[in-house]
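One letter stands for each residue in the lines below.
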Amino acid sequence: MLVTHRIRLDPNNVQATYLALAAGTARFAYNWALSEWQKQYEACKADPTLAKPSEAALRRQLNRIKREQYPWMLEVTKNAPQIAIMQLGRAFENFFAGRARYPRFRRKGRDDRFTLSNDQFRIEGRHIRIPKLGWVRMWETLRFAGKVVSASVARVADHWYASITVDTFDPPVPPADNQSAVGVDLGIKALATLSTGETFEGPKALRTLLTRLRRLSRALSRKVKGSRNRVRAKLRLARLHARIANIRRDSLHKLSASITRRFHKIGIEDLNVKGMLGNRHLARAIADMGFYELRRQLEYKAAWRGGQVVLVDRWFPSSKLCSCCSYRLESLGLDMRHWTCPGCGALNDRDVNAAINLRNVAVSSTASACGGEGAGPAREREAKPAPMKQESNCKVNFG
Ligand SMILES: [Zn+2]
């Protein structure tokens, strides 16, 4: 099972310069390959006898010319340009499969990262060894035991982190406390409501920080380009972005850990996050709450503990169905927080009722597993390796 541990690095000045150069090299190679790809694609449209662009060919092409044209590339690990181009190949694969947008050029400040294959770095205690650089201190030791697969080094604001992916032999955590099921209703008002009646608020700090974020980005736009003040304002903004991301990630991890620790089977709605993000009013709130990220965490943590996430079809009327008697409402306004069931007279809290319905589907999906496929609104997810960011996902192996 693949797991990733993100560890903050503690480089000295010389090392930080190297990391920036390696990230710059990766970015340059990625952008070079992307523009070559576009050129070669146009060329082969005009002349079909020419070969279509491919990441492997582009890597060979760069290897042929880098000594002459980009000698500074040789100062950093060869992985920096190589894997960046492989990642471009992966990005095109995702694009052609309809999973992602057309690859964009990487930008300085936003895409400062490079990846190392497992034969190109080593970890001992609180140090990581990077080619042509040596040992760099880490803030903590690697949490997981197993075969180290790859490492991705990235800058966030003014800090460097290494995300180290490990193929663990054992699940890193014990199984869930018991075999019971829970339904989780994701919402705007509360981040999540459980079928037990518990609600999890989103992190409150976020709102004030978002106000400050708006103010800082306005301040940045007023600074003169190329000025020292602008550099300073930019760093301040980047730090705030990192802080907001940390708070959000932290709250989602606490929530997903609590749910997967206590429950074996977890029913959640299979939200169409893409579609919801298109809705401009809801977009901000939903993006903030990180529904997609929460589902991702629930899935891999449940898999760690031998549990299971049951995705309930998003057309399943979880809010409109009475969890007591299965009476189904014709319609339910978005602002209706409670409703009284005309069938049995129960007073239903909108979110708790929905969560109970989701739990019921999750529970019944056990029964239908023997009864036949495709019946009912549930779709079970098999336990699978922890999903990672797509870029660290590519297999890397160099001789
Ligand atoms: Zn009822």
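Throughout what follows, the structure given in this document is the object of discussion.

So, how was this worked out
- Residues numbered from 1 in each chain as written.
- Predicted model: local features only at pLDDT ≥ 70, side-chain atom pairs only at ≥ 80, totals over all residues.
- Heavy atoms only, no water.
- Donors = N, O, S within 2.8 Å, 3.2 Å for Na, K, Ca; no water.
- Tetrahedral: all angles 85-135°; square planar, octahedral: opposite > 155°, others 65-115°.
- Helix = DSSP H or I, 4+ residues; strand = E, 2+ residues; numbered from the N terminus.
- Axes fitted to C-alpha atoms, helices over the stretch in contact; angles between N-to-C directions.
- Parallel < 35°, antiparallel > 145°, perpendicular 65-115°, else oblique.
- Left-handed = near helix turned anticlockwise from the far one by under 90°.
- Contact = heavy atoms within 4.5 Å.
- Nonpolar A, V, L, I, M, F, W, Y, C, P; charged D, E, K, R; others polar.
- Pairing = 2+ DSSP bridges.
- Phe/Tyr/Trp six-rings, centres within 6.5 Å; stacked < 30°, edge-to-face > 60°.
- Buried < 20%, exposed > 50% of the residue type's maximum accessible area, 1.4 Å probe, protein only.
- Salt bridge = Lys/Arg side-chain N within 4 Å of Asp/Glu carboxyl O.
- Expected span 1.5 Å × (residues − 1).
- Bend = angle between axes of the 7 residues up to and from the residue.
- Core = buried A, V, L, I, M, F, W, Y, C linked by side-chain atoms within 4.5 Å.

**Regarding the coordination of the zinc ion**
Protein coordination at the zinc ion: the donors are C322 (SG), C325 (SG), C341 (SG) and C344 (SG), at 2.2 to 2.3 Å from the metal. Given 4 donor atoms and angles of 103 to 115 degrees at the metal, the environment of the zinc ion is assigned as tetrahedral. Look at where the donors of the zinc ion fall in the sequence and you get C-x2-C-x15-C-x2-C. Of the two residues, C325 is situated in the loop between β12 (308–312) and β13 (338–340) and C344 in the loop between β13 and β14 (347–349); the sequence distance between them amounts to 19 residues.

**Points about the packing of helix α5 (residues 228–262) against helix α8 (residues 291–304)**
Closest axis-to-axis distance for the α5/α8 pair is 9 Å, and the angle between their directions is 40 degrees. Relative to α8, the element α5 is oriented oblique. As α5 packs across α8, the resulting crossing turns out to be right-handed. Contacts between α5 and α8 pair R249, L252, H253, L255, S256, A257, I259 and T260 from the former with E293, L294, Q297, L298, Y300, K301 and A302 from the latter. Taken together, the residues of the contact of α5 with α8 sort by class into 8 nonpolar, 4 polar and 3 charged.

**Brief notes about the pairing of strand β5 (residues 134–138)**
Sheet topology places strand β1 (residues 2–10) next to β5; 2 bridges connect them, and they run antiparallel. The residue of β5 that forms the bridge with L9 is M138. Pairing geometry for strand β4 (residues 127–130) and β5, over 4 bridges, is antiparallel. Among the inter-strand pairings, R129 is bridged to a residue of β5, identified as W135. Counted between consecutive antiparallel strands, the loop separating β4 from β5 contains 3 residues, among which K132 sits at a positive phi close to 60 degrees.

**Focus: the sheet that holds β5**
In space, the 7 strands of this open sheet follow the order β2-β6-β7-β1-β5-β4-β3, with antiparallel pairing throughout. Looking along the sheet, the strands with just one partner apiece sit at the ends: β2 (113–117) and β3 (122–124). The sheet shows a mean angle of 35 degrees between the axes of neighbouring strands, taken without regard to direction. Sitting on the sheet, helix α1 (residues 13–46) is in contact with β1, β2, β4, β5, β6 (146–156) and β7 (159–168), with an inclination near 90 degrees to β2.

**Here we look at the packing of aromatic side chains**
By the definition in use, this model includes 10 aromatic pairs. Between F28 and Y70 the ring centres are 4.8 Å apart and the planes differ by 65 degrees, which places this aromatic pair in the edge-to-face class. Placement of the pair is F28 in helix α1 and Y70 in the loop between α2 (55–69) and α3 (79–96), with a sequence separation of 42 residues. For F28, a relative accessible area of 29% puts it in the partly exposed group.

**Side note on the pairing of β12**
For β12, the tally of buried residues reaches 5 of 5 residues, placing the bulk of the element in the interior. Going residue by residue along β12, you find Q308, V310 and V312 tucked away on one face and V309 and L311 tucked away on the opposite face as well. As paired strands, strand β11 (residues 265–269) and β12 are joined by 5 bridges and run parallel to one another. For I266, the partnering residue across the bridge sits in β12 and is V309.

**Examining the pattern of salt bridges**
One pass over the full model with this rule turns up 15 salt bridges. D111 is paired through a salt bridge with R113; the nearest N and O atoms lie 3.2 Å apart. The exposure class of R113 is partly exposed, given its relative accessible area of 21%. A salt bridge links R239 to D158; the nearest nitrogen and oxygen atoms lie 2.7 Å apart. Linking R239 in helix α5 with D158 in the loop between β6 and β7, this pair joins segments that are 81 residues apart in sequence. Its relative accessible area of 43% is what places R239 among the partly exposed residues. In this structure, a network of salt bridges that share partners links the residues R27, D112 and R155.

**Regarding α2**
Between its first and last C-alpha atoms α2 spans 19 Å; for 15 residues at 1.5 Å apiece the expected length is 21 Å, and the two agree. At N63, α2 is bent by approximately 30 degrees, the largest bend along its length. Every buried residue of α2 is listed here: L58, R59, Q61, L62 and K66. Residues of α2 that are buried make contact with α1 and α3.

**Description of unusual backbone geometry**
Positive phi outside glycine occurs at K132, with the angle close to 60 degrees. Within the fold, K132 resides in the loop between β4 and β5. The class of K132 is exposed, set by a relative accessible area of 58%. For S326, which is not glycine, the phi torsion reads 65 degrees and is therefore positive. By the element assignment, S326 lies in the loop between β12 and β13.

**A closer look at the nonpolar core**
Most often, soluble globular proteins keep nonpolar side chains buried together rather than apart. Counting residues in each nonpolar core, the largest one holds 43 residues, and the members touching the most others are L9, L19, F114, I130, V153 and I164. Of the residues forming this core, the biggest block, 11 residues, is contributed by α1. In contact with I164, other than residues within four places in its own chain, are V3, T4, H5, I7, I123, M138, L142, V148, S150 and A151. The next biggest cluster of nonpolar side chains, apart from the first, holds 19 residues, and it includes L191, L194, F263 and A302.

**Observations concerning the side chain of S152**
Mapping S152 onto the fold places it in strand β6. S152 sits in the buried class, given a relative accessible area of 13%. Residues contacting S152, with those up to four places away along its chain left out, are F114, T115, Y161, A162 and S163.

Shape is all these values report; function is a separate question.
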